[in-house]
Amino acid sequence: MTITALGDTAVVVGLGAGIDERVLPKVRALVAALERDRPAGIVDVVAAYSTVTVFYDATRLAPGGERAYDQVCRMISERTRHLDSDARKKPAPPARTVEIPVCYGGEAGPDLAEVANHCGLEPEEVIDRHRSADYLVHAIGFLPGFPYLGGLPEKLRTPRRATPRALVPQGSVGIGGQQTGVYPMATPGGWQLIGRTPMPLFRMEEPEPAVLRVGDRVRFRPITNEEFVAWR
Amino acid sequence: MEITVARGGMLTTVQDLGRRGHRGVGVPLSGAADPFALRMANLLVGNPENAAALETTLVGPELVFTAPVLIAVTGATFEGIPGWRPLEMGAGQRLRLGPARLGCRGYLAVAGGIDVPLVLGSRSTYLRGRMGGFGGRPLHDGDTLSVRAETHRVAEHWRIDERILPAYSAAPRVRVIRGAHADEFGGVLFESEFRIMLQSDRMGIRLGGARLARIGGTDDMVSSAVAPGTIQIPPDGQPIILMADAQTIGGYPQAAHVIAVDLPLVAQLRPGDRVTFAEVSLPEAQQLAQAREHILALLHEGLAEKVR
């Protein structure tokens, strides 16, 4: 484990290297440990791939001789000491499998043909491979609730569009390089769009606004255009 | 009471000190780009430091107040508007901020605070997510803002000591802490003067001039958390200083991080301004932050007597 400063407001806890599924249980365990018993002065915890970044407010940490940075490092070390055994004995809330309904192709997925062409597959084969894979949420960011999903079949890897779209509709499911993801809100974006879900992934009026969390598993289930319309 | 927006200005948004506790699911911090100026504006009218106020950009709005109220303008300076002190507005009085003479972002606090709904615990506007503030958008001509009516009175004949203000400048030397990938860029960041580009906004300040070439490191960067103040280096080598509305994670190398007490200097830079960087240690940065908190606490106490 490494702890490094991210400026004067956060520390980055490194629990592994690169994109590694085996590190995710540790990442989830540390996030859960910090959320169960959140030390005063900790304002935000951001998990991404093999890192957990802890944002702190130095002015709200316990006053005393110890420096803010040292205090935060100590709090994190205390909580990580038993992380390996904790992850086995007292696991973080169970990783869920979230099924996301997707209307593939047509207006909902305007780049399906291009992706199929790039991959040397029929559009139906692209859909079949995309829906058959198991995905893992490695990080959430870029936009509120936007999942960085690992697990895209190698055969479906497609470069981003040369020119990003000025507006990607909310719910669009896209492929960008070796990643796939869902746009929770309308925004400019460069991924290849192969479908669209009617399921909201981020509801700002809810106390827990994001449907997905780091460590969740995701499956895509194809739906018809009629089902898409009926959902909304 | 209400405020009628006769002119919205270039980009005027409702901001507080930001949306904490939701960065883990990708919601940016948002809030005032210059948090010091927002806190001061609020203290000067007797508000809690975190009350919602207006953040203006380059060209300020024109506002009409429907009832007498105490306001304060901080941050950028405007022709004919005394800054960093409480001002009494009369019923029907019109306030035209116009183009900022110095600085980029002005803060206008109103006694009682701007009354917009809390979204995920904050009244700040996150523009790209169309979230919070005034319907998730900048103010337009003809909008009407509500203010929680509170009558604050202010004693005469005093002023704040300008030495407590950040060293706002059109060519500041901004203090930074080394980032995780600092070694991969040599010393260019600390030896060059950079120019503020026009494409700068609340997500990031883009720097032109010297380019930072990567002289080491690997290409397989995996995204991790970033913060307001993070200086990231995209493949074109032109640094971006992330600001309040920046996304929560990023995949570009991190050369450095602007220290919290100097973020206001960056927030006030205008396109064409110049900036240089100096390295400080983390303990030094946190001592400076503590010293500023101490000053604000003293000011809070002192103002309690003068604004009530």
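In this convention, every chain numbers its residues from 1, walking through the sequence in written order. Chain A is the first chain written and ligand 1 is the first ligand written, with later ones labelled in order. Only residues with pLDDT of 70 or above have their local features reported here, since the model is predicted, and side-chain atom pairs are shown and tallied only from 80 upward, although totals for entire chains, interfaces and linings are computed over all residues. Side-chain calculation: all heavy atoms of the structure are included, whereas hydrogens and water are not.

A word on the domain arrangement of chain B
Residue and element names in this part refer to chain B.
In step 1: Source of the domain bounds: an automatic or database domain assignment. Here chain B is described as being made up of domain 1 (2–165) and domain 2 (173–288).
In step 2: The distance between the C-alpha centroids of domain 1 and domain 2 comes to 27 Å.
In step 3: Any two residues whose heavy atoms approach within 4.5 Å at even a single point are treated as in contact. Between domain 1 and domain 2, the residue contacts involve 29 residues of the former and 17 residues of the latter.
In step 4: Buried area: the accessible area, evaluated with a 1.4 Å probe, that two parts lose upon being put together, summed over both parts. Regarding the contact of domain 1 and domain 2, the summed buried area is about 1600 Å², with carbon and sulfur atoms giving 53% of it.
In step 5: Just to be clear on terms, a salt bridge is a Lys or Arg side-chain nitrogen sitting within 4 Å of an Asp or Glu carboxyl oxygen. In this assembly, domain 1 and domain 2 are joined by one salt bridge.
In step 6: Any pair of nitrogen or oxygen atoms within 3.5 Å is treated as a polar contact; in protein, a donor-acceptor pairing is required on top of that, and neighbouring residues in sequence qualify only through side-chain atoms on both sides. Where domain 1 meets domain 2, there are twelve residue pairs in polar contact (both at pLDDT 80 or more).
In step 7: Elements with a contribution of two residues or more to the side of domain 1 that touches domain 2: helix H1 (35–44), strand E5 (69–78) and strand E8 (100–110).
In step 8: A run of DSSP states H or I qualifies as a helix once it reaches four residues; a run of E qualifies as a strand once it reaches two. Both are numbered from the N-terminal end. Among the elements that line the side of domain 1 that touches domain 2, the one with the most residues is E8, at seven residues.
In step 9: In the side of domain 1 that touches domain 2, the residues fall into 16 nonpolar, seven polar and six charged. Classes in brief: Ala, Val, Leu, Ile, Met, Phe, Trp, Tyr, Cys and Pro nonpolar; Asp, Glu, Lys and Arg charged; the others, Gly included, polar.

Remarks on a negative patch on the surface
Residues and elements named next belong to chain A.
In step 1: Among the surface-exposed residues, Glu-122, Glu-124, Glu-125 and Asp-128 lie close enough to one another that they form a single negatively charged patch.
In step 2: Along the chain, Glu-125 turns up in helix H5 (residues 123–132).
In step 3: Only protein chains enter the accessibility calculation, which uses a 1.4 Å probe. A residue is then buried if its area is under 20% of the maximum for its type, exposed if over 50%, and partly exposed in between. Residue Glu-125 is classed as partly exposed on the basis of its relative accessible area, which comes to 36%. Residues enter patches when their relative accessible area tops 30% and they take part in no salt bridge; the joining distance is 9 Å for like charges and 5 Å for the nonpolar side chains Val, Leu, Ile, Met, Phe, Trp and Tyr. Note on areas: Shrake-Rupley with a 1.4 Å probe; residue coverage comes only from the protein chains shown. Only four residue types enter the tally: Lys and Arg on the positive side, Asp and Glu on the negative side; His and the chain ends are excluded. Here the site of a charge means NZ on Lys, CZ on Arg, CG on Asp, or CD on Glu.

Some words on the packing of H1 of chain B against helix H4 (residues 282–306) of chain B
Residue and element names in this part refer to chain B.
In step 1: One can describe the packing of H1 onto H4 by two numbers: an axis separation of 10 Å at closest approach and a directional angle of 15°. Compared by their axis directions, H1 and H4 come out roughly parallel. Between H1 and H4 lies a crossing whose hand is right-handed. Along its contact with H1, which presents Phe-36, Arg-39, Met-40, Leu-43 and Leu-44, the element H4 presents Arg-292, Glu-293, Leu-296, Leu-299, His-300 and Leu-303. Only the stretch in contact is used when a helix axis is fitted, and all axes are lines through C-alpha atoms; the angle between N-to-C directions ranges over 0 to 180 degrees. Working rule for angles: under 35 degrees goes down as roughly parallel, over 145 as roughly antiparallel, 65 to 115 as roughly perpendicular, anything else as oblique. For any pair of crossing helices, the crossing counts as left-handed if the nearer helix is rotated counterclockwise from the farther one by less than a right angle, and right-handed if it is rotated clockwise.

Focus on the sheet that holds strand E3 (residues 53–57) of chain B
Residues and elements named next belong to chain B.
In step 1: When DSSP finds two or more bridges between two strands, those strands count as paired. An order of E2-E3-E8-E5-E6 is seen for the five strands of this open sheet, with the pairing classed as antiparallel. Every interior strand has two partners, whereas the edge strands, strand E2 (13–15) and strand E6 (86–89), have only one. This sheet shows a mean twist of 35° between the axes of neighbouring strands, independent of strand direction.
In step 2: Pairing of E5 with E8, which is carried by seven bridges, proceeds in the antiparallel orientation. Residue pairing in the sheet places Thr-74 in a bridge with Tyr-107 of E8.

Some words on the environment of Leu-44 of chain B
All names here are of chain B.
In step 1: Residue position: Leu-44 is located in helix H1.
In step 2: Relative accessible area serves as the criterion here: at 0%, Leu-44 is assigned to the buried category.
In step 3: As a C-alpha pair, Leu-44 and Ala-109 span 65 residues in sequence and 8.4 Å in three-dimensional space.
In step 4: In contact with Leu-44, not counting residues within four places along its chain, are Ala-72, Thr-74, Trp-84, Arg-85, Pro-86, Trp-158, Ile-160, Leu-303 and Val-307.

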